[in-house]
Amino acid sequence: MNKEITKITILPGINKLGEKENFKKIDIKKGEVVAIVGHTGAGKSQLLYDIERLAQKDTKSKRKILVNDEIPDKELRFNPKRKLIASLAQSMNFFTDMAVGDFLKLHLESRGKKSKKGLIEEVIKEANKITGEAISSKMNLLNLSGGQSRALMVSDVANISVSPIVLIDEIENAGIKKEEAIKILVEEGKIILIVTHDPSLALNTDKRIIIKNGGIVDVLNTSLKEKGIAHYLNWIESFGLDIREKIRKGKKIENVEIYCEPIKSKK
Amino acid sequence: MKFIIFAGTPGSGKTSIIKSIIQELKNDFKLFFAKFDCLQTLDDEKIAKEYKIPAVKKLAGELCPDHYTALEIPKIIKENKDKDIIILETAGLCLRCSPYVEEGLGINVLDITSGDPSRYGPILTEADVVAISKGDLISQAEREIFRAKVLKVNPKAKITEVNGLTGEGAFDIAEFIKESLAVKSEKLTLKHSMPSAICGYCYGNRIIDETESRKRFLAGKELKSLVPNLNCGKCGYKSCNEFIRAVLDGKAQKEKCPFIKKEI
Ligand SMILES: Nc1nc2c(ncn2[C@@H]2O[C@H](COP(=O)(O)OP(=O)(O)OP(=O)(O)O)[C@@H](O)[C@H]2O)c(=O)[nH]1
Ligand code: SF4
Ligand SMILES: [Mg+2]
């Protein structure tokens, strides 16, 4: 199957109590960003896992995932060389004792690609848009901070693990500019699913899937009003991040200017 | 009967993933679980209690746990002819031994944080299935690199990622087990020869010195030619080799083996 992926579909399975999920199907189209929300332990990561392995009633949830309205063939599901899906998991620890630049090259090679001139620099440059602490290609992976590791992986997913479907598990937990991160990831009309507890992220999507007791209980389309609220939330947060950076750089925070840019509402 | 061996370094996640696999299989198949280790293990008790299937522990003591496993396999098979699937977990201490058998399925549980896969011997290169564990601890990029490296050292293996904590991946392995062939005869063949036991240290020598080791080796060899290698246990040791070591250490009289006496 070398066709372009235009859509994935989630068909209902069961929740943790063994009850059938109450929906017919959920379509997610190319270009859409979908949040997965719910309490800790509700089963959000399970949904990501179902999609990652293109489940066919063979996971705990018994859900089925279709690609372009069809059951994906085994080749697509198990051959690691045919990477359909890139995922950013919660844990971002590195174990490899290696310089950032060399590591990115190695990752490219393991995907069967040759390093294009300037690509590695591009990956690092994009990563530096997301983190306040600049990364350089000579740095050792093991010395990166949590934020730097995450930023590097976000950029890796956008530039090296290029895949039509991207799964993100709680990107907000590492002090990175998450709005920038999402911008980099969303760019090329992919299908994006984000597990998140973060209100501004959850409201910055096209729809959100609500999970309770291991089952999908609702799907909400994000309203224009909600997007407006997300905008304000983002603004407040970036303000906080800015002060944080100033403090880190040893500056004094003497006066705080708060100005609020009104959201331009369409329609 | 299917014969499944799980090998992997200590703490790599063998028992954790075996549990989820047993959960997948236990309603449709009669299972038996055996855990090999050196001195102690609770894995068999945990599994017997949690899943209500018969389980044993086999402790190698003075012997190499993988050689001991090979010694014990025929007994396990003989005693469990009524079972559908035998699951054996090795001690996993030796990357070289790993007693996979031709007639069964060999599964290497490979901890992704344990370093470069190219340093592993037959435990990885001879495995039919490689179950990469603990991927939840590291970045996706490293997971992909690791997978590519595993594929390089064992291109014919089926590779899956498993998570011992959540049971992810257990379903795939259960499928591989179901697809695998049954053991036809009691005689099994090791996939590869184990390292030779040829020196005085194998017979318990502790003084690091070539002459001492040689002396011990010759004494051991002589005793070895006297015992019938039945591993019958009449001497109080569970194998002839352990008995020989005890004799050489002065802890046992060689007359304790009734067969030696007769021949003198
Ligand atoms: N993070 C993480 N931890 C795991 C995973 N699999 C197992 N563990 C943990 O690793 C530890 C060892 O797991 P076991 O299943 O006992 O390992 P084992 O290979 O059976 O160990 P031995 O029988 O002692 O050789 C336990 O604390 C598990 O909870 C995994 O996929 N991810
Ligand atoms: S009694 Fe003799 S034959 Fe039996 S285990 Fe001991 S040494 Fe071996
Ligand atoms: Mg164990």
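Before reading further, recall that the structure is shown in the block above.
Reading the values: the criteria
- Residues numbered from 1 in each chain as written.
- Chains lettered and ligands numbered in written order.
- Predicted model: local features only at pLDDT ≥ 70, side-chain atom pairs only at ≥ 80, totals over all residues.
- Heavy atoms only, no water.
- Core = buried A, V, L, I, M, F, W, Y, C linked by side-chain atoms within 4.5 Å.
- Buried < 20%, exposed > 50% of the residue type's maximum accessible area, 1.4 Å probe, protein only.
- Helix = DSSP H or I, 4+ residues; strand = E, 2+ residues; numbered from the N terminus.
- Contact = heavy atoms within 4.5 Å.
- Near = heavy atom within 4 Å.
- Polar contact = N/O pair within 3.5 Å; in protein donor to acceptor, adjacent residues only side chain to side chain.
- Areas by Shrake-Rupley, 256 points an atom, 1.4 Å probe, with all protein chains shown as cover.
- Pairing = 2+ DSSP bridges.
- Right-handed = clockwise from strand over helix to strand, strands pointing away.
- Axes fitted to C-alpha atoms, helices over the stretch in contact; angles between N-to-C directions.
- Parallel < 35°, antiparallel > 145°, perpendicular 65-115°, else oblique.
- Left-handed = near helix turned anticlockwise from the far one by under 90°.
- Nonpolar A, V, L, I, M, F, W, Y, C, P; charged D, E, K, R; others polar.

Draft legend 1. Here's a closer look at the nonpolar core. Ranked by internal contacts, the top residues of the largest apolar core, which has 37 residues, are A:Leu104, A:Leu152, A:Ile168, A:Ile171 and A:Leu185. Elements with a contribution of two residues or more to this core: strand E5 (85–88), helix H3 (100–110), helix H4 (119–130), helix H5 (146–159), strand E6 (165–169), helix H6 (178–186) and strand E7 (191–195) of chain A together with helix H5 (140–153) of chain B. Apart from the residues within four sequence positions on either side, A:Leu185 is in contact with A:Leu88, A:Val154, A:Val157, A:Ala158, A:Ile168, A:Ile171, A:Lys190 and A:Ile192.

Draft legend 2. Highlighting the site of ligand 1. Residue and element names in this part refer to chain B. The immediate surroundings of ligand 1 are formed by 18 residues, with Lys 14, Thr 15, Ser 16, Glu 89 and Asp 136 found nearest. The backbone of Gly 164 places a nitrogen or oxygen atom 2.9 Å from an oxygen atom of ligand 1. Look at ligand 1: alone it shows 650 Å² of surface, and the protein chains cover 74% of it. Looking at the shell around ligand 1, the element that brings in the most residues is helix H1 (residues 14–25), giving three residues.

Draft legend 3. Representation of the pairing of strand E3 (residues 55–59) of chain B in the model. All names here are of chain B. Relative to E3, strand E2 (residues 31–37) is paired through five bridges, and the arrangement is parallel. Residue Phe 33 lies in a different strand from E3, and its bridge partner there is Ala 55. Each parallel crossover has a hand, and the one from E2 via helix H2 (residues 43–51) to E3 is right-handed.

Draft legend 4. Structural view of the packing of H3(A) against H4(A). Residue and element names in this part refer to chain A. Interhelical geometry of H3 versus H4 gives an angle of 115° and a closest axis separation of 10 Å. Classed by the angle they form, the pair H3 and H4 counts as roughly perpendicular. Considering the relative orientation of H3 and H4, their crossing is right-handed. Residues Val 100, Gly 101, Leu 104, Lys 105 and Leu 108 of H3 form the contact with H4, whose own contacting residues are Leu 119, Ile 120, Val 123 and Ile 124. Along the lines of polarity and charge, the residues of the contact of H3 with H4 split into seven nonpolar, one polar and one charged.

Draft legend 5. The sheet that holds strand E4 (residues 85–89) of chain B, seen in detail. All names here are of chain B. As summarised here, the arrangement of the seven strands in space is E3-E2-E4-E1-E5-E6-E7, forming an open sheet in which the pairing is parallel. If you trace the sheet from one side to the other, it starts and ends with E3 and strand E7 (158–162), each paired once. The sheet shows a mean angle of 20° between the axes of neighbouring strands, taken without regard to direction. The sheet contacts of helix H3 (residues 65–79) involve strand E1 (2–7), E2, E3 and E4, and relative to E2 the element is tilted by about 155°.

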